[in-house]
Amino acid sequence: MLQRTLCLLILSLSATVMIRGAAPEENVVVSSATEEYVFVPPVGGSSPQVRHSSKIEYLATRHSATVTPHVFHSNIIRLDKASGGKAQYRNANSPTVFHDDSKVCFFDLRLDAKDKKAKAQFKRTFTDGAHFTGCFLMEDYPLRSKTLVFEIPASFPTLELIDRNFPPEGISREESKSPDGSRRIVYTVSNLPELPSDHSSPSALASLPQILVKGYFPDTDSLYRYHRPMLEVDTVIPGVATIMSGILEGARSRDEIIGRVYRYVQQNVRYVAFEEGEAAYRPDTPAEVIRKRYGDCKGMSLLLATLLRRAGIDARVAAVGTSKIPFRIADCPSLSATNHMICLVPEGDGYLFLDPTNEQISHRHIPAAILGKDAMLFIPGSYLLVDIPTASPRPSEDILTYRYGLASDALYGVASRRCSEDMAESFVARFSDVPSHMLSDLLARSLVPSGKASVPTDSVVYDRSTQGLVTVTAPIRNSAAVIEADGIIYLDLNTSGEPFTSRVDTTDRHSDYRLPLSARIERHAEVTLPKVSGVTLPDDYEASLPYATFSCRFSRSGSTVSMTKTMNLKSSTVPLADIPAWNRAISDWNAACNRQIEVKL
């Protein structure tokens, strides 16, 4: 839902990957750039427009290079002019998007030697000004100088430009007002680095210098009036009585009805994004979604709400911004505040927040991507702004358990992995496109604690039949965990490859590190021993950071010894300066878990 507006804000970011496919060389800089945005009042029955012109000049500082100036256009953004070389045109579809009408115009320009320059110029028109929600200031290469000019006529009195994530130095703003009420706002930018390419970084909207346009919609009422006509679609589903009888057969409670209908949409409709013109905001009809067996978040949510109402459950669709958008609808009523659509069902004093684009989560879990946000709930003739809780009533967990017996050469036993809610969704997503003949092998690897352990692929049991839960079980042999010397057996029960525990490379990193979600990661290994004369357990370990807690506990109960390592993620952002401390915490935690249990037979 509303993916387009977010795309408009990050056009320059995605182009870096799509066109050049590599990090920019320090050799090339943007020596100068100018951009102008002119807001044009509506004429007759037309929408207000925004005319955008840009000029950019590149400089090679050390040796020759090729640069690719580019600009995006679509059914809403008209490309009026492109000059600087031989223009090339291409669809701008992301690999994760089923259909998108965005296109890119670009040049391949050669800087033949040191001190050589190349220039390009583009002109575009946003034919509906509501879709111009802001712009970023950084470029693909280090930026020496840039000027941005905004011309705002008196007929846009509520329009504001909000400065976000500006660095302490390098950007200045000057504003002047004419006697007729029109405004001219000029930004002067100098010495900005190139766009960062760090993995697991905060979203562009949350971290990069940007100018946000606020006030095109003066309040949430006007934003609602823009959205509402898009939701007036036919909700009649041919043969719906037969569909519902199959879904609800044997259902005995309201909760079971909701869960059954939710599961039906999750399992029978494949999620794809569809972004083209009005279709980026208007849902497909429920009948079409069922017929095609695929749909975007708008179509899937409207189908879900329609089926629930057919079953006697009050359900409505709602626009929401995901965690990639660092502000709420109420704080900034604009098309940039929402990028998703879900279904809400009243539940006591609150709501169930149902996102059918998630394949595996249960109807009582709130997806991590929308926690703490607000939703514009569309009710008959009006809307409500609903606050989404900051925590889900159901936790997300990834628990891997090994129950071993001790033999002379290895540990033998059973490995079982249990993932719930968001972690189940993440697990399923990892294997959704894996060919069937490879699935068992990859699932077996997800159980292996180290390189010398083995799981027979033909014995793996994979169960995702329960909403909100995934389990994988198989027999296991672990030869790396047992070492015998001088009558002492040393048991190494630590595992490797836990989610989110890879060391963060700080070399040339420029952004914070983003933890994806709140979750509990646990690894438990226990060994049943033969008759022993003594067991020596390592000391327990515990550490806490603002972003996570770590623990490792060793125990003995009769003839069974065990180790449990746990990481509780708090779903936060690790500041760039704290990443070394995060790396140390991960390292210290693993070092504590690497200590061996000593068993004297």
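The following paragraphs examine the structure supplied in this document. These numbers come from a predicted model, not from an experiment.

This part is about the pairing of strand β39 (residues 597-600). For a regular strand, side chains alternate in direction, first toward one face of the sheet and then toward the other. On β39, burial follows the alternation: I597 and V599 on one face are buried, whereas E598 and K600 on the facing-out side are not. Where strand β31 (residues 488-491) lies against β39, 4 bridges are found, and the strand directions are antiparallel. Across the sheet, Y490 pairs through a bridge with E598, a residue of β39. For strand β34 (residues 534-536) and β39, the ladder comprises 3 bridges, and the chain directions are antiparallel. Following the sheet pairing, T536 is matched in β39 by E598.

Below, the discussion takes up the sheet that holds strand β24 (residues 382-387). Strand order in this open sheet of 5 strands is β22-β21-β20-β23-β24, and the pairing throughout is antiparallel. Edge positions in the sheet fall to β22 (350-354) and β24, since each has one partner strand and no second. Each adjacent strand pair in this sheet contributes to an overall mean axis angle of 35°, direction not counted. Summarising the sheet, strand β23 (residues 374-379) and β24 pair through 6 bridges and their orientation is antiparallel. Across the sheet, A375 pairs through a bridge with V386, a residue of β24. Helix α6 (residues 254-268) contacts β21 (340-347) and β22 of the sheet and is inclined by roughly 165° relative to β21.

Most of helix α4 (residues 220-227) is tucked away, with 6 of its 8 residues classed as buried. Turning to α4, its buried residues are T220, S222, L223, Y224, Y226 and H227. In the core, the buried residues of α4 are packed alongside β23 and β24. Its side-chain oxygen placed 3.2 Å from the backbone nitrogen of D221, D219 serves as the N-cap of α4.

Strand order in the open sheet made by the 3 strands is β11-β16-β13, with antiparallel pairing throughout. Both edges of this open sheet fall to β11 (134-136) and β13 (160-164), since each of them pairs with a single strand only. Across the sheet, the mean angle separating the axes of adjacent strands is 15° when strand polarity is ignored. The pairing of β13 with strand β16 (residues 210-214) spans 5 bridges and is antiparallel. Among the inter-strand pairings, I162 is bridged to a residue of β16, identified as L212.

Calculation notes
Residues numbered from 1 in each chain as written. Predicted model: local features only at pLDDT ≥ 70, side-chain atom pairs only at ≥ 80, totals over all residues. Heavy atoms only, no water. Buried < 20%, exposed > 50% of the residue type's maximum accessible area, 1.4 Å probe, protein only. Helix = DSSP H or I, 4+ residues; strand = E, 2+ residues; numbered from the N terminus. Pairing = 2+ DSSP bridges. Axes fitted to C-alpha atoms, helices over the stretch in contact; angles between N-to-C directions. Contact = heavy atoms within 4.5 Å. Polar contact = N/O pair within 3.5 Å; in protein donor to acceptor, adjacent residues only side chain to side chain.

Interpretation note: all reported values are geometric properties and have no functional meaning in isolation.
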